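Summary of structural features
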Number of protein chains: 2
Amino acid sequence: MDKKTINIGLMGLGNVGAGTYKTLEMNFDSILANTGIDFKITKILVKDLEKQRDINVPKDLLTQNPDDLVSDPNIDIIAELLGGIEPATDYMLKAMQNGKHVVTANKAAVAANFEVLRNAAEQNKVMFRYEASVAGGIPILNALTTALQANQFEEVLGILNGTTNYILTQMTDFGLNYADVLRIAQEKGFAEADPTDDVEGFDAANKLSILISLVFGKRVKPDEIPTEGITKITKEDIERATQTGHKVKLIASAKLENGKLNYSVKPTLLPLTHPLAGVSNEFNAVFVKGNAVGELMFYGKGAGPLPTGSAVMGDIIEIGKAIAKGASYDIKVAGGSK
Amino acid sequence: MDKKTINIGLMGLGNVGAGTYKTLEMNFDSILANTGIDFKITKILVKDLEKQRDINVPKDLLTQNPDDLVSDPNIDIIAELLGGIEPATDYMLKAMQNGKHVVTANKAAVAANFEVLRNAAEQNKVMFRYEASVAGGIPILNALTTALQANQFEEVLGILNGTTNYILTQMTDFGLNYADVLRIAQEKGFAEADPTDDVEGFDAANKLSILISLVFGKRVKPDEIPTEGITKITKEDIERATQTGHKVKLIASAKLENGKLNYSVKPTLLPLTHPLAGVSNEFNAVFVKGNAVGELMFYGKGAGPLPTGSAVMGDIIEIGKAIAKGASYDIKVAGGSK
């Protein structure tokens, strides 16, 4: 209740870091009005101090030394937006050991080190949030762990990777080959120069691993998920699907069948009537089925600086409100899995 | 942290009350495992003590006296599931004055008395939640007030009434007249004997009023919303829409245009490509556009005992977790509207 300024250390000023910075900048007044909290980014970890960026960030916030963030006693929350398993995990753990709450958009690190990070947060009595790590701006993790927590879930199904969904949509709509669309996507910035992580399904497997942890309370590491990408999908495969009233989508799924949890990431034929069939281009969607709520679908932008910044800032604000209430960490009342 | 049992007083054992009771009953073990909290329904307000019901509720929980709930010092949370503006609002206010947290599914009472209820919760330092009052099981209010709160919103658009969406879908799919489908819907229990509230758009206007409060921080009472129902829609209107590639949907919308907030509930032609065009039968959906997150859509069951019970129990569990953490009320840190 006393603390009305919350200081944030931003690790990374790439797409997601810049999107987070911009989200706070453009909505600062409404966030302050709604929460009474003055959220301040006080330090930013970057690789290159001199790099030209398309956002206007005061030079004196920038540092190349991670200790300037994780050891700064004035920083309340670290937002880890570097990507990659290491050194990101190491930085997050150090921040937690120093009593800092941690928000991350890093699916690779969360999927690889889920228990380690969760346990460290609990031991250090800090909050740890990672909404942006799955489906970007779509608030699916928050919904699963709050409003939907009275359910037991039977199934989760998602289009969790915007790059592959863009490629499959363009192949379908314009009758193009995979290789041609990949090139266009790379030119437009929708696919990376090395697209392996996306097109081979590894990115979706990371996100599915995180979803499985929350939906089923089970730990399945990304490399334990049978994963097939879209690189072998041909124009002809898609034409055949269209002729029979189907769309080809890269589907990440986990389903309880006779008490056994089955999961995979693979190209899947969906009938046009399926709620996920209409999810096109860079959009993501997550479909869940709970034993009380029934079928639910969440649809939105799964990537991009501002949608991801929205999710990162949403987590930061939730932590800020909890700090202001004097309820700043997720007490695990008993031995639950969530 | 000490309190591991949370006692709930249920007001009403109709569709929503029974759905809430069943949701807790069937998922009690997983809720206990996930939260460490033993949620107990200790009293239930009913009109008729002897009525035969299709759920098995211990007789000694039932009472016809609201004071047995609102004045019981052992009850932590009142779940008001009676419907109607009064006496529901009166009961909620009394419960708050007695230090009880309140959860409701009652859109009419929340829309009519939004400030009164919010202010009473604040003054009495109790939590007040109403997720189930808009779009049933779809966790839209929670998302708006937590994960999406870093956004400023430009638009909210929803199919918020399952009865009218069912009628319009059946008219479209089977070429039927309004009156014929209404009769079928009444026989199937999808429409009430007096369907006025639904078919004239009043139910949707209540829900839109609540959405506007949260999305735009503005108070617009239901009777200030221009509202047109579906009773004048003919088979021919729908045939014409189909011929031009549109669907007729009862759309509740609010949009900021040049700084002015415009809002209405009315039958609307949506192109088939619109994300809301594919929302059929009793399903609801809410579409929002935020300045960071972009376009988001939430889709699911907007009514029914268990979907609504999922939302009510979600609110109850959130309050229970906050009580267990010793952070049991929504401190408004400053003069924000949320």
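Not measured: the values here are computed from a predicted model. (Residues numbered from 1 in each chain as written. Chains lettered and ligands numbered in written order. Predicted model: local features only at pLDDT ≥ 70, side-chain atom pairs only at ≥ 80, totals over all residues. Heavy atoms only, no water.)

Within the structure shown, the criterion is met by 21 salt bridges over all chains. The closest approach of N and O atoms between B:Lys207 and B:Asp203, which form a salt bridge, is 2.7 Å. One end of the pair is B:Lys207 and the other is B:Asp203, both in helix α10 (residues 202–216) and four residues apart, which spans about a single turn. The class of B:Lys207 is buried, set by a relative accessible area of 5%. Look at B:Asp203 and you get buried, because its relative accessible area is 6%. Connected through shared salt-bridge partners, A:Lys107, A:Asp203 and A:Lys207 make up one network. (Salt bridge = Lys/Arg side-chain N within 4 Å of Asp/Glu carboxyl O. Helix = DSSP H or I, 4+ residues; strand = E, 2+ residues; numbered from the N terminus. Buried < 20%, exposed > 50% of the residue type's maximum accessible area, 1.4 Å probe, protein only.)

On to the nonpolar core, then. In a soluble, globular protein the nonpolar side chains are often hidden away together inside. Membership of the largest hydrophobic core comes to 138 residues, with the highest contact counts inside it found for A:Ile140, A:Ile167, B:Ile140 and B:Ile167. Excluding residues within four positions of it along the chain, B:Ile167 makes contact with B:Tyr178, B:Val181, B:Leu182, B:Ala185, B:Val199 and B:Ile230. (Core = buried A, V, L, I, M, F, W, Y, C linked by side-chain atoms within 4.5 Å. Contact = heavy atoms within 4.5 Å.)

Next up on the list: the packing of helix α7 (residues 162–174) of chain B against helix α8 (residues 178–188) of chain B. Residue and element names in this part refer to chain B. The geometry of α7 relative to α8 is characterised by a closest axis approach of 9 Å and an angle of 125° between their N-to-C directions. Regarding the angle of α7 to α8, the classification is oblique. With respect to the hand of their crossing, α7 and α8 are arranged in right-handed fashion. Across the interface between the two elements, Tyr166, Ile167, Gln170 and Met171 of α7 pack against Tyr178, Val181, Leu182, Ile184, Ala185 and Lys188 of α8. Residues that form the contact of α7 with α8 fall into these classes: eight nonpolar, one polar and one charged. (Axes fitted to C-alpha atoms, helices over the stretch in contact; angles between N-to-C directions. Parallel < 35°, antiparallel > 145°, perpendicular 65-115°, else oblique. Left-handed = near helix turned anticlockwise from the far one by under 90°. Nonpolar A, V, L, I, M, F, W, Y, C, P; charged D, E, K, R; others polar.)

It is worth spelling out the environment of B:Tyr130 at this point. Residue and element names in this part refer to chain B. Its location among the elements puts tyrosine 130 in the loop between β6 (128–129) and α6 (140–145). On the basis of relative accessibility, which here comes to 7%, the residue tyrosine 130 falls in the buried class. Between the C-alpha atoms of tyrosine 130 and asparagine 106, which are 24 residues apart in sequence, the distance is 7.5 Å. Not counting chain neighbours up to four residues away, the residues in contact with tyrosine 130 comprise Thr104, Val110, Phe114, Arg118, Leu141, Ile210, Leu214 and Asp315.

With that settled, consider the sheet that holds strand β7 (residues 153–159) of chain B. Read from one edge to the other, the open sheet built from ten strands follows the order β9(A)-β8(A)-β7(A)-β10(A)-β11(A)-β11(B)-β10(B)-β7(B)-β8(B)-β9(B), with strand pairing classed as antiparallel. In this open sheet, the two strands that pair with only one neighbour each are β9 (260–271) of chain A together with β9 (260–271) of chain B. Shown here is a sheet whose adjacent strand axes are inclined to one another by a mean of 15°, direction ignored. With twelve bridges joining them, strand β8 (residues 246–257) of chain B and β9(B) adopt antiparallel strand pairing. (Pairing = 2+ DSSP bridges.)

Across the contact, 56 residues belong to chain A and 56 residues belong to chain B. Interface area, chain A with chain B, both sides summed: about 4700 Å², of which 57% is carbon and sulfur. Taken together, chain A and chain B are joined by 20 residue pairs in polar contact (both at pLDDT 80 or more). Those elements that place two or more of their residues in the side of chain A that touches chain B are α1 (15–35), α6 (140–145), β11 (294–301) and α12 (305–324) of chain A. (Buried area = accessible area lost by both parts, 1.4 Å probe. Polar contact = N/O pair within 3.5 Å; in protein donor to acceptor, adjacent residues only side chain to side chain.)

For the rest of this paragraph, the subject is the domain arrangement of chain A. Residues and elements named next belong to chain A. The domains assigned to chain A are domain 1 (5–136 + 305–324) and domain 2 (141–301). Taking only C-alpha atoms, the centre of domain 1 and the centre of domain 2 are 27 Å apart. Carbon and sulfur atoms supply 65% of the area that domain 1 and domain 2 bury against each other, a total of about 1300 Å² over both sides. Ranking the residues of domain 1 by area buried against domain 2 places Ala111, Val134 and Ala135 at the top, with a combined share of 38%. On inspection of domain 1 and its partner domain 2, the count reaches two salt bridges. (Domains from an automatic or database assignment.)

Glancing now at the pairing of strand β1 (residues 5–11) of chain B. In summary, the side chains of a regular strand alternate between the two faces of the sheet. Residues and elements named next belong to chain B. Along β1, six of the seven residues are buried, which leaves the element largely enclosed by surrounding structure. The parallel pair β1 and strand β2 (residues 38–45) is bridged by helix α1 (residues 15–35), and the resulting crossover is right-handed. Where β1 and strand β4 (residues 77–80) come together, four bridges link them in parallel fashion. In the sheet register, glycine 9 faces β4, and the bridge partner there is isoleucine 78. (Right-handed = clockwise from strand over helix to strand, strands pointing away.)

Residues and elements named next belong to chain A. When helix α8 (residues 178–188) is considered as a whole, its buried residues turn out to be Tyr178, Val181, Leu182 and Ala185. In an axial view of α8, the angular spread of the buried residues amounts to 105°, which keeps them on one side of the axis. Where α8 ends, the next residue or the one after it, glycine 189, has phi of about 80°, a positive value. (Arc of directions from axis to C-beta.)

Let's shift gears to the confidence of the model for chain A. The predicted structure's coordinates, where accompanied by low pLDDT, should not be read in detail. Residues and elements named next belong to chain A. With 96% of its residues at a pLDDT of 70 or more, chain A shows a mean pLDDT of 93. Here residues 331–338 is a poorly scored stretch, pLDDT under 50, and it has 20 contacts once near neighbours within four places are set aside; other chains count. Interface confidence in the predicted complex, given as ipTM, is 0.93; pTM for the same model is 0.94. (pLDDT = per-residue confidence, 0-100.)

Expressed as a screw transformation, the operator carrying chain A onto chain B has a rotation angle of 180° and an axial translation of 0.0 Å, and the superposed copies differ by an RMSD of 0.0 Å. Accordingly, the operation relating the two chain copies is best matched by a two-fold axis. Scanning chain A for the C-alpha nearest the rotation axis identifies A:Phe298, at a separation of 2.4 Å. Same-surface contact between copies: 100% of interface residues of chain A are shared with the interface of chain B. (Least-squares fit on C-alpha atoms with pLDDT ≥ 70 in both.)

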